[in-house]
Every structure is written in C-alpha cells, then in structure tokens.
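# A closer look at the structure
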Amino acid sequence: MKKIEAIIRQNKLDEVMNELNRHQFFGLTVTPVMGCGLQGGKTRFYRGNEYRVNLLPKMKLEIVVKDLWVEEVVEAVKKTAWTGEIGDGKIFIIDVENAFRIRTEDSGEDAIV
C-alpha cells in the first residue's frame, strides 16, 4: 500500500476531487496548510507599508491506495492540479506498512477499500 500526499493550489481542490471521484477513489483526507517553495511568497501592501508573506495557503490531500492504483491516482492529480506556473504543488508517495478499519477490524488492503 502507498500513501499519496499532494500539496496543491486551493483553487484546484474541487477539480482534483472530482477527478478522483470519477476514477472511484473516494477515501481521502484534505487539510488546509501553509507553505513555501520556489514560489517563495508574495509582497503585499497595507496602509502604504510593504510586507512579505512567505507562507502561502495550499491544500494537502492524503489518500492511501493499493500499489497498483498509485500511478492512476498520481496522474489524475497531476492532470487536474497543473497550471504550468510556479506553485502548482508537489506529490509524495510513501510506503504504508499496515492499515486498520476501526469499525470492522479489517486490516491491510481490506481496510482501505
């Protein structure tokens, strides 16, 4: 099993979620996060004073899938989150040793489907 973490633009969340649902990937967690990368941040002006905002709002999606579904999920996220501009985000793939569904006591891949 793999955990896919995707950091994407806020305005792309609905589009990415719709694409994942279209592929019948429903179990995911979404968290608002702040971060910076090559995009760096933005310069803002408030009452005539300039200040720099280094952390920008993003959305973090987490989904655990069977190994054979990783490529399909990654491609769905890449396709829908892409704008071609700096700040489109990142995708991380992490090994998952085990999973448990509390309600049914299922474990392993049975717990994630």
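None of the values given here were measured: they were computed from a predicted structure.

## Details of the nonpolar core
- By size, the foremost hydrophobic cluster in this structure holds 17 residues, and its most contacted members are Ile8, Leu20, Leu61, Val73 and Val77.
- Of all the secondary structure elements, the ones that give two or more residues to this core are β1 (2-8), α1 (13-22), β5 (56-65) and α2 (70-81).
- Among the elements that make up this core, the one with the highest residue count is α2 (six residues).
- In contact with Val73, not counting residues within four places along its chain, are Ile4, Leu20, Phe25, Ile63 and Val65.

## Some remarks on the packing of aromatic side chains
- Tallying each qualifying case throughout the model produces one aromatic pair.
- Note on Phe25 and Trp69: the rings are 5.6 Å apart at their centroids and 65° apart in plane angle, and the pair reads as edge-to-face. With Phe25 in the loop between α1 and β2 (29-35) and Trp69 in the loop between β5 and α2, this pair connects stretches of sequence that are 44 residues apart.

## What to know about the sheet that holds β2
- Pairing in this open sheet of four strands is antiparallel, and the strands run β2-β5-β1-β6 from one edge to the other. The sheet is open, and its two edges are formed by β2 and β6 (89-95), each paired on a single side. Each neighbouring strand pair of the sheet contributes to a mean axis angle of 20°, computed without reference to strand direction.
- Here seven bridges tie β1 to β5, and the two strands are oriented antiparallel to one another. Directly across from Lys2, in β5, lies its bridge partner Val65.
- Packed on one face of the sheet, α1 meets β1, β2 and β5 and runs near 10° to β5.
- Sheet strands in contact with α2 are β1, β5 and β6, and its direction is about 5° off that of β1.

## Describing the pattern of salt bridges
- Applying the stated rule across the entire model yields eleven salt bridges.
- Glu5 is the partner of Lys60 in a salt bridge, and the nearest nitrogen-oxygen pair spans 4.0 Å. Of this pair, Lys60 sits in strand β5 while Glu5 sits in strand β1, and the two are 55 residues apart along the sequence.
- Overall, Lys60 belongs to the partly exposed group, its relative accessible area being 21%.
- The buried category is assigned to Glu5, whose relative accessible area is 14%.
- Residue Asp88 pairs with Arg9 through a salt bridge whose shortest N-O separation is 2.9 Å. With Asp88 in the loop between α2 and β6 and Arg9 in the loop between β1 and α1, this residue pair connects regions lying 79 residues apart in the sequence. Side by side, Asp88 and Arg9 carry an identical accessibility label, which is buried.
- Residues joined in a network through salt bridges with shared partners are Lys3, Glu5, Lys60 and Glu62.

Definitions and cut-offs
- Residues numbered from 1 in each chain as written.
- Predicted model: local features only at pLDDT ≥ 70, side-chain atom pairs only at ≥ 80, totals over all residues.
- Heavy atoms only, no water.
- Core = buried A, V, L, I, M, F, W, Y, C linked by side-chain atoms within 4.5 Å.
- Buried < 20%, exposed > 50% of the residue type's maximum accessible area, 1.4 Å probe, protein only.
- Helix = DSSP H or I, 4+ residues; strand = E, 2+ residues; numbered from the N terminus.
- Contact = heavy atoms within 4.5 Å.
- Phe/Tyr/Trp six-rings, centres within 6.5 Å; stacked < 30°, edge-to-face > 60°.
- Pairing = 2+ DSSP bridges.
- Axes fitted to C-alpha atoms, helices over the stretch in contact; angles between N-to-C directions.
- Salt bridge = Lys/Arg side-chain N within 4 Å of Asp/Glu carboxyl O.

Purely geometric stuff here, so don't read any function into it on its own.
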